[in-house]
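Coordinate analysis (summary)
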Amino acid sequence: MKLVVANESHFKYAQIICDTIAESAKVRGTGIAKRTPEYIQKKLSNGNAIIALDGDKFAGFCYIEVWGHEKFVANSGLIVQPDYRGHGLAKAIKGRIFELSREKFPNAKIFGITTGLAVMKINYDLGYQPVTFSELTDDPEFWKGCQTCKNFDILTRTERKMCLCTGMLYDPERKEKDKKKKEINSKSFKRLKSIKEALFFKKENK
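In this report, the structure presented in the accompanying data block is examined.

The rules we used
Residues numbered from 1 in each chain as written. Predicted model: local features only at pLDDT ≥ 70, side-chain atom pairs only at ≥ 80, totals over all residues. Heavy atoms only, no water. Helix = DSSP H or I, 4+ residues; strand = E, 2+ residues; numbered from the N terminus. Buried < 20%, exposed > 50% of the residue type's maximum accessible area, 1.4 Å probe, protein only. Contact = heavy atoms within 4.5 Å. Areas by Shrake-Rupley, 256 points an atom, 1.4 Å probe, with all protein chains shown as cover. Pairing = 2+ DSSP bridges. Axes fitted to C-alpha atoms, helices over the stretch in contact; angles between N-to-C directions. Salt bridge = Lys/Arg side-chain N within 4 Å of Asp/Glu carboxyl O. Phe/Tyr/Trp six-rings, centres within 6.5 Å; stacked < 30°, edge-to-face > 60°.

**A look at the overall build of the protein**
A tally of helices and strands in the protein yields seven helices and seven strands. Helices and strands appear in the protein in the N-to-C order β-α-α-β-β-β-α-β-α-β-α-α-β-α. Within the span of the protein, comprising 206 residues, buried residues form 38% of the whole. Intrachain contacts of the protein at a sequence separation of at least 6 include 68% that bridge at least 24 residues. Looking at the protein as shown, the accessible area adds up to about 12700 Å², and 54% of this sits on carbon and sulfur atoms.

**Thoughts on the pairing of strand 4 (residues 72–80)**
Of all nine residues in strand 4, seven are buried; the element is thus mostly enclosed. The antiparallel hairpin formed by strand 3 (residues 57–67) and strand 4 contains four residues in its connecting segment, where Gly68 sits at a positive phi of about 55°. Pairing geometry for strand 4 and strand 5 (residues 109–114), over three bridges, is parallel. Note that in strand 5 the partner of Phe72 across the bridge is Lys109.

**Some words on unusual backbone geometry**
Backbone geometry at Glu159 places phi at a positive 55°, although glycine is not the residue there. Mapping Glu159 onto the fold places it in the loop between helix 6 (152–157) and strand 7 (166–170). On the basis of relative accessible area, Glu159 is assigned to the exposed category, the value being 61%. Positive phi, normally seen in glycine, also occurs at Arg160, with a value near 65°. Positionally, Arg160 belongs in the loop between helix 6 and strand 7. By relative accessible area, Arg160 is classed as partly exposed at 35%.

**Observations concerning the sheet that holds strand 5**
As summarised here, the arrangement of the seven strands in space is 1-2-3-4-5-7-6, forming an open sheet in which the pairing is mixed. Looking at strand neighbours, the two that pair on one side only are strand 1 (2–5) and strand 6 (129–131), the edges of this open sheet. Adjacent strand axes in the sheet meet at a mean angle of 25°, parallel and antiparallel pairs treated alike. Where helix 2 (residues 37–45) meets the sheet, its contacts fall on strand 2 (49–54) and strand 3, and the angle it forms with strand 3 comes to roughly 80°. Strands strand 4, strand 5, strand 6 and strand 7 of the sheet are contacted by helix 4 (residues 117–126), whose axis makes an angle of about 20° with strand 7.

**Looking at the side chain of Asn123**
Structurally, the position occupied by Asn123 is in helix 4. Among residues more than four places away in sequence, those in contact with Asn123 are Lys94, Tyr128 and Met168.

**A few points about the pattern of salt bridges**
Counting across every chain of the model gives eight salt bridges. Across the pair Lys121 and Asp125 runs a salt bridge whose closest N-O atoms are separated by 2.8 Å. Here Lys121 pairs with Asp125, and both are found in helix 4, just four residues apart, close to one helical turn. The salt bridge involving Glu159 is made with Lys161; its shortest N-O contact spans 3.7 Å. Both residues of the pair, Glu159 and Lys161, count as exposed. In this structure, a network of salt bridges that share partners links the residues Arg96, Glu99 and Glu103.

**With respect to the packing of aromatic side chains**
According to the stated counting rule, one finds eleven aromatic pairs in the structure shown. Taken together, a centroid distance of 6.4 Å and an interplanar angle of 35° make the contact between Tyr13 and Phe58 tilted. Note that Tyr13 is positioned in the loop between strand 1 and helix 1 (14–28) and Phe58 in strand 3, a separation of 45 residues in sequence. You'll find Tyr13 and Phe58 in the same group, each marked buried. Within the aromatic cluster, the residues linked to one another by ring pairs are Trp67, Phe72, Phe111, Phe133, Phe142 and Trp143.

This is the structure in structure tokens:
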């Protein structure tokens, strides 16, 4: 199994990617934004997608969408062919598209909306946190993509405040702050431990 950054040589897979996304939504009975082969080809040509191939056979896919002048990016369209499900391929693809997003857009917040518990678990393991929709991009083009979802009326009625999907966000600035806080706490603990050990040895030597 190969996970590669897609390019124009993968145009031949655009239709099967769209068909697999649509069929998956139908089976699950959940809402999903439909994509055209032309839209998928655009993602393939600009290097903003990961495709999984078993030889020449399509196995899985995910792509990057950029919003708000690169302030936000979304990892969308995660799909695995039925024959390859249940073997951790979705997690591997999601991990690789996350790495690609961080490489190409290091300062962007990475977000997603999903109804799938498995995807939520993968996102959480990557460092995403559940958030309200107000913390996601306000780019109307992103939300326009929800129009083909059968739950779009819910999103409209709530003025984009909530829907059946859960919003999740990875904020690189927050991660850096958490990392520094952890380092400070670790140093403080070591210092406190050293002081306690010194006091203990001093007491023992009396």
